[in-house]
Amino acid sequence: MTTPTTASFTVPAQQDSLAHGESSGCRAVPLHHHASWSAEPPAWGLGTMLAHVGTATDPATGAITTPIHLSTAFGHPGLRESTGYDYTRTASPTRDVLQDALARLDAGTAAFALSSGMAAVQLAVETLAPYGGRVVALEDLYGGTYRYLQVLAEEGAYDVDFVIGEEGLRGALKNPASLVMIETPTNPMMAEIDIERVAGWAHAAGALLVVDNTFYTPVVCRPLERGADVVVYSATKYLGGHNDVMAGAVVVADPELGERLMYRLNTTGATLGPFDCFLLLRGLKTLSLRMKRHEANALLVAEFLEASEHVSRVLYPGRSGMVSFDPADDVDIAVFLETVRVFTFAESLGGVESLVTCPSVQTHADVPPATRAAYGLTDRLLRLSVGIEDAEDLVADLRQALEAAATSGSD
Ligand code: PLP
């Protein structure tokens, strides 16, 4: 008969006893679980780093992919002793591997994996802006983020100033603020915002700059290296990449911010489950490859749309895979959305399959029409998440749908 053991995996030597403990309060993300990554990150390119995300992290077995640790509780070797894991809300071996990767990819010191992108936005805002503080945010944000900030403002939790573009940010940040929230490119108008410039204004105003980097990912842009304090993601999108996992992430450079976020996340609990951590780790491995293909396809799609007589405006920043356009007046957008075949009419983005969204009735329906109109978002604007299919098929699909929709009303 074998004697049961309380801990079946190797305890990393440098780990403090009870470091993860509920009772021990907060801690930043450990960076010690990668057998293949030394304490100092190797000088690998991003593609190599991504392909090796979560590789050989389990010294006990040498498993190439990251094990999914489902246990919510972890046995203690003795009183006031810990394997490093006590309770999964506080820390999970599978989540640690993911968080480690997320921190490295954005050159941060700590990263947190959450149950959705909105949970990530909420964690960043409500932990880092004191109640009653002033939040300056772009209007041209994901509609759910706009709605969330609007609700907080209506409830009196924060004094929220929504502004349009860099000029709006510059004006608003002449006065003190606690936190600035931007997306670049903006969503869905695809305007690039200069992170370094905005970080300068934000810091002069005493504010932390939060950048939602969902559309660009660390493959295209690493906001912390440009002066941002916090990066948030809907990892449901490009990071996961397969429309099969809902997740969010927060990454910071300053360990003190990491400690505060860790404490709040453990206290409030919207952490990502182990299965979803695994799916996200698997998705990340191909992120570099996917982003190259998304971008190459999006360039061709944008060129086609620019040249089409059935399109009146194309918005594409030249990077990543998101393209917005206004169909010409003769196009019936309902017919267009019913006629596409390679694209699917759905409200998300960043997956390998191409999707088309109508923001005014989907993602941005809760932004008041006058606000949408003020920053140029028309009711007819369509947003494409260009996937990794063959570009010719994407272009052919858009051509046939535009032609069908443009002629559908005529005899
Ligand atoms: N940020 C951006 C840019 C988004 O597009 C979304 C969702 O569409 C979110 C945040 C919210 O993420 P989630 O849907 O994962 O909660």
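Residues numbered from 1 in each chain as written. Predicted model: local features only at pLDDT ≥ 70, side-chain atom pairs only at ≥ 80, totals over all residues. Heavy atoms only, no water.

**Focus on the packing of helix H2 (residues 93-105) against helix H9 (residues 274-284)**
Orientation of H2 relative to H9, taken along the N-to-C sense of each, is 35 degrees, at an axis distance of 8 Å. Of the two possible hands of crossing, H2 and H9 adopt the one that is left-handed. Touching Thr94, Arg95, Val97, Leu98, Leu102 and Leu105 of H2 are Pro274, Cys277, Phe278, Leu280, Leu281 and Leu284, all from H9. Grouping the amino acids of the contact of H2 with H9 by side-chain chemistry returns 10 nonpolar, one polar and one charged. (Axes fitted to C-alpha atoms, helices over the stretch in contact; angles between N-to-C directions. Helix = DSSP H or I, 4+ residues; strand = E, 2+ residues; numbered from the N terminus. Left-handed = near helix turned anticlockwise from the far one by under 90°. Contact = heavy atoms within 4.5 Å. Nonpolar A, V, L, I, M, F, W, Y, C, P; charged D, E, K, R; others polar.)

**Details of unusual backbone geometry**
Peptide bonds are trans in most cases, and residues, glycine excluded, mostly fall at negative phi. A cis amide bond links Thr184 with the next residue in sequence, Pro185, at an omega value of 5 degrees. The phi angle at Ala107 is positive, at roughly 55 degrees, despite the residue not being glycine. Within the element layout of this structure, Ala107 appears in the loop between H2 and strand E1 (110-114). Ala107 sits in the partly exposed class, given a relative accessible area of 37%. (Buried < 20%, exposed > 50% of the residue type's maximum accessible area, 1.4 Å probe, protein only.)

**Describing the site of the ligand**
Contacts to the ligand come from 14 residues, most closely from Gly117, Met118, Asp212, Ser234 and Thr236. In this structure, an oxygen atom belonging to the ligand sits 2.9 Å away from a main-chain N or O atom of Met118. When isolated, the ligand has an accessible area of 390 Å², and the protein chains bury 94% of it. Split into classes, the residues belonging to the shell around the ligand amount to five nonpolar, six polar and three charged. (Near = heavy atom within 4 Å. Polar contact = N/O pair within 3.5 Å; in protein donor to acceptor, adjacent residues only side chain to side chain. Areas by Shrake-Rupley, 256 points an atom, 1.4 Å probe, with all protein chains shown as cover.)

**Some thoughts on the sheet that holds strand E3 (residues 159-163)**
Judged by pairing direction, the sheet is mixed, and its seven strands sit side by side in the order E1-E7-E6-E5-E4-E2-E3 without closing on themselves. Strand pairing shows two members of the sheet lacking a second neighbour, E1 and E3, which therefore form its edges. Taking each pair of neighbouring strands and ignoring which way they run, the sheet shows an average axis angle of 20 degrees. Sheet topology note: the strand E4 (residues 179-183)/strand E5 (residues 208-212) ladder contains five bridges and is parallel. Across the sheet, the residue bridging to Glu183 is Asp212, located in E5. Helix H4 (residues 143-154) contacts strand E2 (134-138), E3 and E4 of the sheet and is inclined by roughly 140 degrees relative to E3. The strands touched by helix H8 (residues 255-268) are E1, E5, strand E6 (230-234) and strand E7 (248-252); relative to E1, the strand with the most contacts, the crossing angle is about 25 degrees. (Pairing = 2+ DSSP bridges.)

**Some details on the environment of Thr271**
Mapped onto the fold, Thr271 is located in the loop between H8 and H9. Judged by its relative accessible area of 17%, Thr271 is buried. As a C-alpha pair, Thr271 and Gly248 span 23 residues in sequence and 9.0 Å in three-dimensional space. Non-local contacts of Thr271, meaning those with residues more than four positions away in its chain, are made with Arg89, Arg95, Ala113, Leu114, Ser115 and Leu265.

**Concerning the confidence of the model for the protein**
Averaged over the protein, the pLDDT score is 90; the fraction of residues at 70 or greater is 89%. Counted against residues more than four places away or in other chains, residues 1-39, with its pLDDT under 50, gives 87 contacts. (pLDDT = per-residue confidence, 0-100.)

**Here's the deal with the packing of aromatic side chains**
Going through the model one piece at a time under the given rule, you end up with four aromatic pairs. Pairing Phe74 with Tyr85 gives two aromatic rings, centres 5.7 Å apart and planes at 45 degrees, and the pair type is tilted. Placement of the pair is Phe74 in the loop between helix H1 (46-51) and H2 and Tyr85 in the loop between H1 and H2, with a sequence separation of 11 residues. When its relative accessible area of 11% is taken as the criterion, Phe74 is described as buried. Between Tyr131 and Tyr158, the aromatic rings sit 5.5 Å apart at their centres with planes inclined by 20 degrees, giving stacked as the arrangement. A residue pair is termed long-range when its members are at least 10 positions apart, and Tyr131 in the loop between helix H3 (117-128) and E2 and Tyr158 in the loop between H4 and E3 qualify at 27 residues. By relative accessible area, which is 4% here, Tyr158 ends up buried. (Phe/Tyr/Trp six-rings, centres within 6.5 Å; stacked < 30°, edge-to-face > 60°.)

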